[in-house]
Structure formats: C-alpha cells, structure tokens
Amino acid sequence: MIRCMEQEKEFLTDLDNAIADGDHGINMARGFCAVEQKIADFGSKDIGTVLKTAGMTLVSAVGGSAGPLYGTAFMKSGMIMNGKNEMNISDFIECIKVSVEGIMQRGKAVRGEKTMLDAMIPSLEAMEKAFSDGLSDKEIIEHGVEAAKNGVEFTKTIAATKGRASYIGERSIGHQDPGATSYTFLLDVVANAL
Amino acid sequence: MKKFINKVENVENEMIQGLIKAHSDKIRKLECGNVLVRNNKKEGKVAIITGGGSGHEPSFGGYVGTGMLDAAVAGAIYTSPAADIIYEGIKAVSADKGVLMIPMNDTGDIMNFEMAAEMADMDGISTAMVVTNDDVAVDNSLYTVGRRGVAGTVLVHKIAGAMAETGASLEEVKAVAQKAIDNVRTMGVAINPSTIPSAGKPGFELADNEMEVGIGIHGEPGVYRDTLKSADEIADVLLDKILSDIDYSNSEVAVMVNGSGGTPLMELYLINNHVYDALTEKGIKIYKTLVGNYMTSIEQEGFSVTLLKLDEQLKTLLDAPADTIAYKA
C-alpha cells in the first residue's frame, strides 16, 4: 500500500488538481510513509493494534479530509480486529463495512456524491455477494476491485456535492474522483497480495 | 516552478521557524507541531483558535496576539492541520472560559476541528465552533458543502477576538462571531494561479487574456472563466454579486480589498479607488477600509473584495485594540 501510494502520488495529485486543490497524492504518500515508520518495529503485535495505529497515524500525517476519512476507516477496522493475529476474508469484508459506515458518519456523505464512497459501497456489495456465492478469497477481492473500478468510472458522470470539488459543481463532471481512485488502488494491492 | 525555497518538504516548517524568529516577542510555537500561540496567555477570557492549511500567510499566525487569536494551527500547504495537533492547540490556550473554534468552511478543516473538539471534550474542555463561509461565488445550496470561508474570515477573527478580550462568555463570543459571519461577504478573482511547491506545477492554467472568477483560496478553479476586463469592470462583477446577496442599502460597511499574494499593492489600491466610488455612489457608507495581503494563496495573482455590514456593536469591536503581527488596531 505504501509503495502504491508513492507510485501513484502524481496521478492522484493530477486528478485532484482537475477538480479541487491538488494535494491528494502528496498527502496520501506522506501519510502511508509515516505509517511505514510507525509500524516498522511492531513485530508480532495483533492486527487490531496495527490497524488502529495506522489509522491514528493517517489522521495525524495525512491531514486534509483524506486523513480523518482514511484514519477513521483504519481505526474502525482496528476495533473489529482487536486481539486477532489473523484476518480471514469475512473479517476483511467486515472491516470494509465498518469503514464505509465510519466514513459516511465522519464525512456526512452518502453514495452518489462523487466521493470515495462511490467506489467503496459497490465494492463492499460485490465482495459480500462473491462471499455468499462461495468464491475464493482472491476472487472475492478481485470482484471488489472490479466494482470499485466501475464506481470510479461512475464518478466521472456525476457532479460533486461534497468536498472542495463541490465548489465547481457541474464542471466536475467528466473527472474521476481522487478519493474513489485511491481506495481502488489500495484494494487492488490487497487483491495482488493474495 | 521557480521559488525561493530549499527542499519542498521543508517549506512549511522553515516558514514557521522564520516567523517565530522574527516575532518571538508576540508569539511562540508549541513543541508538538505548527501551533502558534500568543506569549501573553490571558486567563478570564474565551480562547479563540483557528487553523487551516499553510500558504495563506499572514493568515493565520499573523493574527495571533492581543485582541485577536489565541492560537493558529497550520497544516501543510492548502491542507487542513490534523485533528491531534488542533487538539494540542486547544489544550494550550484553554483558560477558564472555554475555547471558541473559528475555522473556515472547508470539508477537511471541519472534520479535523470536530475530531479535535471530541478529544478536548474527553478532557472536560468546553468548546464551541462557528464556521466562516463568506464566499458568495459559491451557491449556498444542497448541491455544495456550503460556501467557502475566505478573506472575510480575518474580520470575523478580529470581531470575535475583541469580544473575547472583554471577558464575555463563550456563548456571547460565539454569538457575536456568528453575527459577523452573517454580515460578511467576499468574492475573488485570479489572473494567474499558485503553485504548491510539492506539486511543482500550477493548479490550473490561464491564457494571457483569461481570468478565473469566483476563485477560492486553495488554488482550486473558480466558478467560471472569462476574458480579462478592466480593473473597474472586474471589481463591479464582484461587487454586484456581493451586493445582491444581502441588503446593504443605507448601511455602514468595512471594506477589505485583499491581495492573493502575487498582486502588487499598486493594483490593490487602484481597485480600491473604484470600490470606494462604486459603494459611495450606491449610498453605502464606508466606515473602515483595509487594503493589503490579508489572506493569500501563495503567489496567486488575484484579489477579493469583502464587505462587512456593521452595527454599533460590530463597529466598537472592529475599533478595539489589536496587537498582532499583521493586524493592528
């Protein structure tokens, strides 16, 4: 995830420049680098602690709006994983579910407002369905990535009603949402790791 | 990109260090991060705290001091400071009458200030928040997150800071800050964008004969693009939008002609020449005028016009003493 955010720094920043203030890639790369340093010597700590620490680090190192949003997602996931040393696929889906809930609450946003939720919610639904269809772990997350990518494409067709992009209203149509894009990148990293 | 910097990742910290070295008589920085607080912390008053991304200098560190802000929290350029550092600021300035947070309406700023208030609440510190949203360029509708806070924020901080100095309660300071917010309107324009050092290129591009109207303060595009007109015509475009937003007829106002950082004072005064005449012609009485770089967007060439409609209370508070780096009264 850390490498991915560094690689995609410029791309995400360009996306952000098109509709808002052009710092999403820079902030995400800075935040994930900070997470890397913070959890470097965690060794055998439980997943809950790692995720909670990552969340707090993202709040503090990313700043902006992505910090509280991604930070909330990781902290909520950390609570689910408290005391656990292994994460199975249903844990992972549950983490995405509580992340979506946390982000909706913190950002006061719903689906269809050209935000990261437009990638997250469809990917959650796709993963839940793939899980109940009995697909493999890798297939489940790949279904999630596919749905998230479609969600990113969908953000191109709508005007932003949340965040700084909402200020340019209709002019935001045609551009994909940077937050939805960064979420899709991160989920893709998970899919490729399996 | 051509700037007087060292390493892009050090711009904010080196700027804050330089600010402190110049003005250590008035302000100091907390160890934990870029939180600027006044040296002469005062008990028996509501503490006023604000914050936002860097790149708007002298906002907001320049307004920390007697009669204005107790703390300003600076994030990375154009990026909200993080909740944990805002929380440190709240703890540092909290005296015995509570803390009023006055951020600008920006999604990131609001989320981080809300999280910081939740943390302070666990310590038993009472906080309240009002949010500036003076930018008339943006429609205040269901389809946006509401209007942006821009240059008019400085006047809200002046009013709230003066009220806090009187020893008023948190509720009273909050109420007068809200009154200032309800009566202040701003609109801006740019002819050349700013470049965030770490991005290395401008946030948008404009041809030589173009301007971006209704611009915010984060280098984000404005509401529409138009061909460049004369200064008087542009000022009229901004004034028309402001004057149609609330009824200013027969009222007294404070006027701010604010530069975005790259526009010389020469042009700002030239603009004020027309703003003064246009308002006077409409029967609006100018009580006070401020011309200068109060809320900038790094090197952006542009300006905004702000009108604050005054009553007797707001006039008194506007005239009350303030001793900060960038605002004196």
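Residues numbered from 1 in each chain as written. Chains lettered and ligands numbered in written order. Predicted model: local features only at pLDDT ≥ 70, side-chain atom pairs only at ≥ 80, totals over all residues.

**Notes on the interface of chain B and chain A**
Part 1: Of the residues lining the interface, 28 residues belong to chain B; the matching set on chain A comes to 26 residues.
Part 2: Looking at the side of chain B that touches chain A, the elements with two or more residues in it are strand S4 (71–77), helix H2 (83–93) and helix H3 (107–122) of chain B.
Part 3: Examining the composition of the side of chain B that touches chain A, we find that 5 residues originate from one element, H3(B), more than from any other. (Contact = placed C-beta atoms within 7 Å. Helix = DSSP H or I, 4+ residues; strand = E, 2+ residues; numbered from the N terminus.)

**Side note on H3(B)**
Part 1: Between its first and last C-alpha, H3(B) extends 23 Å over 16 residues, near the 22 Å set by a 1.5 Å rise per residue.
Part 2: Along H3(B), the residues classified as buried are Thr107(B), Gly108(B), Asp109(B), Ile110(B), Met111(B), Asn112(B), Phe113(B), Met115(B), Ala116(B), Ala117(B) and Ala120(B). (Expected span 1.5 Å × (residues − 1). Buried ≥ 20, exposed ≤ 12 C-beta atoms within 10 Å, placed from the backbone.)

**A short note on the packing of H2(B) against H3(B)**
Residues and elements named next belong to chain B.
Part 1: Where H2 meets H3, the axes come as close as 8 Å, and the angle between the chain directions of the two elements is 50°. Looking at the two axes, H2 sits oblique to H3. In the packing of H2 onto H3, the handedness of the crossing is right-handed. For the pair formed by H2 and H3, the contact residues are Ala83, Ile86, Tyr87, Ile90 and Lys91 on the first element and Asn112, Phe113, Met115, Ala116, Met119 and Ala120 on the second. (Axes fitted to C-alpha atoms, helices over the stretch in contact; angles between N-to-C directions. Parallel < 35°, antiparallel > 145°, perpendicular 65-115°, else oblique. Left-handed = near helix turned anticlockwise from the far one by under 90°.)

**Describing helix H8 (residues 137–155) of chain A**
Along an α-helix, residues three or four positions apart point the same way, because every turn accommodates 3.6 residues.
Residue and element names in this part refer to chain A.
Part 1: Between its first and last C-alpha atoms H8 spans 27 Å; for 19 residues at 1.5 Å apiece the expected length is 27 Å, and the two agree.
Part 2: Here H8 has its buried residues at Ile140, Ile141, Glu142, His143, Gly144, Val145, Ala147, Ala148, Gly151, Val152 and Thr155.
Part 3: Those residues of H8 that are buried lie in contact with helix H6 (89–107), helix H7 (117–132) and helix H9 (178–193).

**Side note on the pairing of strand S12 (residues 301–310) of chain B**
Residues and elements named next belong to chain B.
Part 1: Counting buried positions along S12 gives 10 out of 10 residues, so the element sits mostly inside the fold.
Part 2: Bridging between strand S7 (residues 184–192) and S12 involves 8 bridges; their strand directions are antiparallel. Each residue of the ladder has a partner; that of Gly188, found in S12, is Ser304.
Part 3: When strand S10 (residues 252–259) meets S12, the two strands line up antiparallel, connected through 8 bridges. Opposite Glu252, over in S12, you have Leu310 as the bridge partner. (Pairing = 2+ DSSP bridges.)

**What to know about the sheet that holds strand S2 (residues 35–38) of chain B**
Strand pairing in a sheet is mediated by backbone hydrogen bonds. Such pairs are either parallel or antiparallel.
All names here are of chain B.
Part 1: An order of S1-S2-S4-S3-S5-S6 is seen for the 6 strands of this open sheet, with the pairing classed as mixed. Sheet topology places strand S1 (27–29) and strand S6 (127–129) at the edges, where each strand pairs with a single neighbour. Neighbour-to-neighbour, the strand axes of the sheet open up by a mean angle of 25°, direction not taken into account.
Part 2: Where S1 meets S2, 3 bridges bridge the pair, whose relative direction is antiparallel. Across the sheet, residue Lys29 finds its bridge partner in S2, namely Leu36.
Part 3: The sheet contacts of helix H4 (residues 153–165) involve strand S3 (47–54) and strand S5 (99–101), and relative to S3 the element is tilted by about 155°.
Part 4: The strands touched by helix H5 (residues 170–183) are S5 and S6; relative to S5, the strand with the most contacts, the crossing angle is about 20°.

**Regarding the domain arrangement of chain B**
Residue and element names in this part refer to chain B.
Part 1: Each domain of chain B was delimited in the assignment, giving domain 1 (8–182) and domain 2 (184–318).
Part 2: For domain 1 versus domain 2, the distance between C-alpha centres works out to 22 Å.
Part 3: Each partner contributes residues to the interface: domain 1 has 32 residues there, and domain 2 has 33 residues.
Part 4: Secondary structure elements with two or more residues in the side of domain 1 that touches domain 2: H4 and H5. (Domains from an automatic or database assignment.)

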